[in-house]
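Listed below are the residues making up each chain.
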Amino acid sequence: MSKKICVIGTGYVGLIASVGLSDFGNEIIGVDIDKKKIEMLNNGISPIYEPGVERYLKRNLESGRLQFSTDIDKTIQDSEVVFIAVGTPPKDNGEADLSFVESVVKSIAKNLNSYKVIVTKSTVPVGTNRWIKKKINEFAPGKEFDVVSNPEFLREGKATQDFFHPDRTVIGYESERAKEVMFEVYRALNLITVPFVWCSLETAELIKYASNAFLATKITFINQMANLAETVGADINTIAKTMGMDGRISPKFLHPGPGYGGSCFPKDTMAVVQTGDKFGVDMSLISAVIEANDRQKDRMVAKLEKIVGSFKGKTIAVLGLAFKAETDDIRDTPAFNIVEGILQKGGKIHAHDPQAMDNFEKIYPQIQYCHSEFDALKGADAMVLVTEWNEYRNLNLRKAKELMKGSIILDTRNLLDPELAEERGFTYEGVGKG
Ligand code: UGA
């Protein structure tokens, strides 16, 4: 039987969960304190750029199964299942900030008018679900409820695809009653035989951090190998491809680049280290990954400076500002290090990104934003490819050469064919290509 569910928080995770769970046939109310966002969502407009999301948003709004509201109290009272999907940003010491979660927990406790299953979708440190349970028991003694940990594994840019076809669904639970409710919530996924992992609260919480920390480590590993390859005259693409042929390694997440960014890997790796510190467990591997990733980001600026010479008086075309393709998200993007490094040393920037320029401009209003990659290339001494947008993969190099003043390419994602670039008269530098 479909469930009455509210999803608190309409950020990335909350929005996708709202549209996805309603598409599964549940009745969903998405809640947020941001009135403007709620108005946009009720009009079928997504506040974030994410391929496919508006189609599902409109479809489920039209069906009447999905709505959005700012009235948190009433929405909780009317729901049997309450998903917590608010942000858990890092504090200065790397620890996850749970203040948004805590304020939601207070609202839930205040409105616990019947049995409810409280599901945490936000990425939260080990022990948080047990802490939520304790808090609600304190605020609303004697009330019936269960807590469930249900981490999300979707990727930005591929969020709808990941939600509807996950590799696995993880559910940390304690009572059979909650298990039955969650089974109904995700009935649609059960029907398509997605593997379900039923486990303890702590195991579910740690699966999420372990997965992200492992992927961040894998990327950092290939980045360091790329640095070694380019120094000794080897080719990282062939190395990564061949490593990936070993089924134990897999070819995924072995693409070298300017360092990982985004709202998850940087935050979650720091949180893992923090949890290790808290419990006195050595997490030095993850600490090393964090440091190596920071160095990788700065390494790109150093590489560019080496080929360009001094940045003073030079114009650099920066193609790509988002932390990866198919998103307008710029959180912890390597583009920050590159732009900052060039500006600090007296360079001028022409920037282009198909989606992320508005967001970037709020932080760097002083650089020139261009309508197309070719506008950005006009008169530039060098181009740096930062984000792997498809349109950059097929960049017309003949046209680029005519427009640019200089002939330098730093391709931090290995998008272009080095031989073709050189044939077109460029000095080409990739990552891990000796
Ligand atoms: C990541 C995880 O992949 C999701 O499974 C998880 O749900 C999500 O974090 C989260 O915790 O919410 P996301 O941050 O959207 O997803 O993006 P990814 O595709 O994982 O990329 C992260 C960073 O790694 C990007 O900067 C990307 O460019 C970089 N990357 C990725 C590489 O440099 N090389 C690769 O081979 C893969």
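Keep in mind that what you see is a predicted model, and the values were worked out from it rather than measured. (Residues numbered from 1 in each chain as written. Predicted model: local features only at pLDDT ≥ 70, side-chain atom pairs only at ≥ 80, totals over all residues. Heavy atoms only, no water.)

## Things to note about the site of the ligand
Logical step 1: Taken together, 19 residues lie around the ligand, and Phe 153, Leu 154, Glu 156, Lys 208 and Cys 264 are the ones closest in.
Logical step 2: Residue Leu 154 places a main-chain N or O atom 2.7 Å away from an oxygen atom belonging to the ligand.
Logical step 3: Within the backbone of Glu 156, a nitrogen or oxygen atom sits 2.7 Å from an oxygen atom of the ligand.
Logical step 4: Burial of the ligand by the protein amounts to 92% of the accessible area it has alone, namely 710 Å².
Logical step 5: Listing elements by their share of the shell around the ligand, those giving two or more residues are helix H10 (201–232) and helix H12 (265–279). (Near = heavy atom within 4 Å. Polar contact = N/O pair within 3.5 Å; in protein donor to acceptor, adjacent residues only side chain to side chain. Areas by Shrake-Rupley, 256 points an atom, 1.4 Å probe, with all protein chains shown as cover. Helix = DSSP H or I, 4+ residues; strand = E, 2+ residues; numbered from the N terminus.)

## Concerning the domain arrangement of the chain
Logical step 1: Each domain of the chain was delimited in the assignment, giving domain 1 (4–203) and domain 2 (291–429).
Logical step 2: Of note, the centres of domain 1 and domain 2, computed from C-alpha atoms alone, are 38 Å apart.
Logical step 3: In this complex, domain 1 contributes 8 residues to the contact, which on the side of domain 2 involves 9 residues.
Logical step 4: Summed over the three residues of domain 1 that lose the most area to domain 2, namely Tyr 49, Glu 156 and Gly 157, the buried surface amounts to 81% of that side.
Logical step 5: For the pair domain 1 and domain 2, the number of links is 1 salt bridge.
Logical step 6: Linking Arg 331 and Glu 156 is a salt bridge whose minimum nitrogen-to-oxygen distance equals 3.7 Å. (Domains from an automatic or database assignment. Contact = heavy atoms within 4.5 Å. Buried area = accessible area lost by both parts, 1.4 Å probe. Salt bridge = Lys/Arg side-chain N within 4 Å of Asp/Glu carboxyl O.)

## Some points on the sheet that holds strand E9 (residues 315–319)
Logical step 1: The parallel open sheet is built from 6 strands, whose spatial order is E11-E10-E9-E12-E13-E14. Of all the strands in the sheet, just strand E11 (368–369) and strand E14 (427–429) have a single pairing partner and so form its edges.
Logical step 2: Two elements, E9 and strand E10 (residues 348–352), share 5 bridges in a ladder whose sense is parallel. Residue pairing across strands places Leu 319 opposite His 352, the latter belonging to E10.
Logical step 3: Set on the sheet, helix H13 (residues 284–308) makes contact with E9, strand E12 (382–385), strand E13 (408–411) and E14; between it and E13 the angle comes to about 165 degrees.
Logical step 4: Strand contacts of helix H14 (residues 334–344): E9 and E10, with the helix running at about 155 degrees to E10, the strand carrying the most contacts. (Pairing = 2+ DSSP bridges. Axes fitted to C-alpha atoms, helices over the stretch in contact; angles between N-to-C directions.)

## Comments concerning the environment of Tyr 364
Logical step 1: With respect to the element layout, Tyr 364 can be found in the loop between helix H15 (357–363) and E11.
Logical step 2: Not counting residues within four places of it along the chain, the set of residues in contact with Tyr 364 comprises Phe 336, Val 339, Glu 340, Leu 343 and Tyr 369.
Logical step 3: A polar atom in the side chain of Tyr 364 sits 2.3 Å from the side chain of Glu 340.

## Remarks on the packing of helix H1 (residues 12–23) against helix H3 (residues 53–63)
Logical step 1: Viewed as axis vectors pointing N to C, H1 and H3 meet at an angle of 50 degrees, and their least axial separation amounts to 9 Å. Taken together, the axes of H1 and H3 are oblique relative to one another. As for the relative orientation of H1 and H3, their crossing is left-handed in sense. For the pair formed by H1 and H3, the contact residues are Leu 15, Ile 16, Val 19, Ser 22 and Asp 23 on the first element and Val 53, Tyr 56, Leu 57, Arg 59 and Asn 60 on the second.
Logical step 2: Taken together, the residues of the contact of H1 with H3 sort by class into 6 nonpolar, 2 polar and 2 charged. (Parallel < 35°, antiparallel > 145°, perpendicular 65-115°, else oblique. Left-handed = near helix turned anticlockwise from the far one by under 90°. Nonpolar A, V, L, I, M, F, W, Y, C, P; charged D, E, K, R; others polar.)

## Some words on H12
Logical step 1: For H12, with 15 residues, the first-to-last C-alpha span of 21 Å sits near the 21 Å given by 1.5 Å per residue.
Logical step 2: Among the 15 residues in H12, 11 count as buried, and that is most of the element.
Logical step 3: Burial in H12 covers these residues: Phe 265, Pro 266, Lys 267, Asp 268, Thr 269, Ala 271, Val 272, Val 273, Gln 274, Thr 275 and Gly 276.
Logical step 4: Turning to H12, the residues buried within the fold contact H10 and H13.
Logical step 5: At the exit of H12 stands Gly 280, carrying a positive phi of roughly 70 degrees. (Expected span 1.5 Å × (residues − 1). Buried < 20%, exposed > 50% of the residue type's maximum accessible area, 1.4 Å probe, protein only.)

## Looking at the nonpolar core
Logical step 1: The biggest cluster of nonpolar side chains holds 39 residues, and the ones touching the most others in it are Leu 21, Phe 83, Val 117 and Tyr 186.
Logical step 2: The greatest single-element share of this core, amounting to 6 residues, is contributed by H1.
Logical step 3: Setting aside residues up to four positions removed in sequence, Tyr 186 forms contacts with Leu 21, Phe 24, Phe 83, Lys 121, Asn 150, Thr 169, Ile 171 and Phe 196.
Logical step 4: With 35 residues, the next largest nonpolar core counts Ile 236, Val 308, Val 386 and Ile 408 among its residues. (Core = buried A, V, L, I, M, F, W, Y, C linked by side-chain atoms within 4.5 Å.)

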